[in-house]
Amino acid sequence: QKMNYVVINLTVNAEKMLENLNITKNAIFSQRLLLEVVKKGHSRETAYPIVQELTQTGFKDRLSLEKFLTADEIEKCLDMKYYISNVGKILKGVGI
C-alpha cells in the first residue's frame with residue numbers, strides 16, 4: 001500500500017527526464033546494443049570496445065557498429081519504446 005501511495009502521488013517532470021536522458025548521450029542503450037551484437041554470434045570482447053566508443057560519442061558515428069548490425073537493428077536498439085513497453089502492465093499489477 002505504501003508503494004501504491006508513492007506511485008499514485010508521484011509527480012513526473014517529462015522535460016527533466018528527457019534532459020537527464022540527453023545528458024547520458026544515450027548511454028542507456030549500450031547494453032542492448034552489446035547484447036544484440038553478441039546474439040549475432042560475435043564475442044563480447046569484440047563488441048564491447050565498439051559499443052563503448054559509440055556511447056562516448058553519443059552514437060554519432062555508427063559505421064563501426066554497422067559491421068555487426070544493420071541500420072534497422074541499431075535503430076530498434078535505440079528505440080525508447082522498448083524500455084517503457086511494460087509500464088502499463090507493471091502499474092496494473094500493483095493496482096494502479
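Here goes a summary of the coordinates provided.

**Notes on the nonpolar core**
Right, so step 1: Residues Leu33, Val37, Leu65, Leu69 and Ile74 are the most contacted members of the largest nonpolar core, which totals 15 residues.
Right, so step 2: At the level of elements, helix H3 (30-39), helix H4 (44-56) and helix H5 (71-77) are the ones that each hand at least two residues to this core.
Right, so step 3: The biggest single contributor to this core is H4, with 4 residues.

**Observations regarding the pattern of salt bridges**
Right, so step 1: Inspection of every chain in the model, using the stated rule, returns 3 salt bridges.
Right, so step 2: Between Glu73 and Lys40 there is a salt bridge, with the nearest N and O atoms lying 2.9 Å from each other. Placement of the pair is Glu73 in helix H5 and Lys40 in the loop between H3 and H4, with a sequence separation of 33 residues.
Right, so step 3: The class for Lys40 is partly exposed, based on a relative accessible area of 40%.

**Concerning the environment of Ile90**
Right, so step 1: Take Ile90: it is sitting in helix H7 (residues 87-93).
Right, so step 2: Classification of Ile90 as exposed rests on a relative accessible area of 55%.
Right, so step 3: Each C-alpha atom, one on Ile90 and one on Asn13, is 20 Å from the other, the two residues being 77 residues apart in sequence.

Cut-offs and rules
- Residues numbered from 1 in each chain as written.
- Predicted model: local features only at pLDDT ≥ 70, side-chain atom pairs only at ≥ 80, totals over all residues.
- Heavy atoms only, no water.
- Core = buried A, V, L, I, M, F, W, Y, C linked by side-chain atoms within 4.5 Å.
- Buried < 20%, exposed > 50% of the residue type's maximum accessible area, 1.4 Å probe, protein only.
- Helix = DSSP H or I, 4+ residues; strand = E, 2+ residues; numbered from the N terminus.
- Salt bridge = Lys/Arg side-chain N within 4 Å of Asp/Glu carboxyl O.

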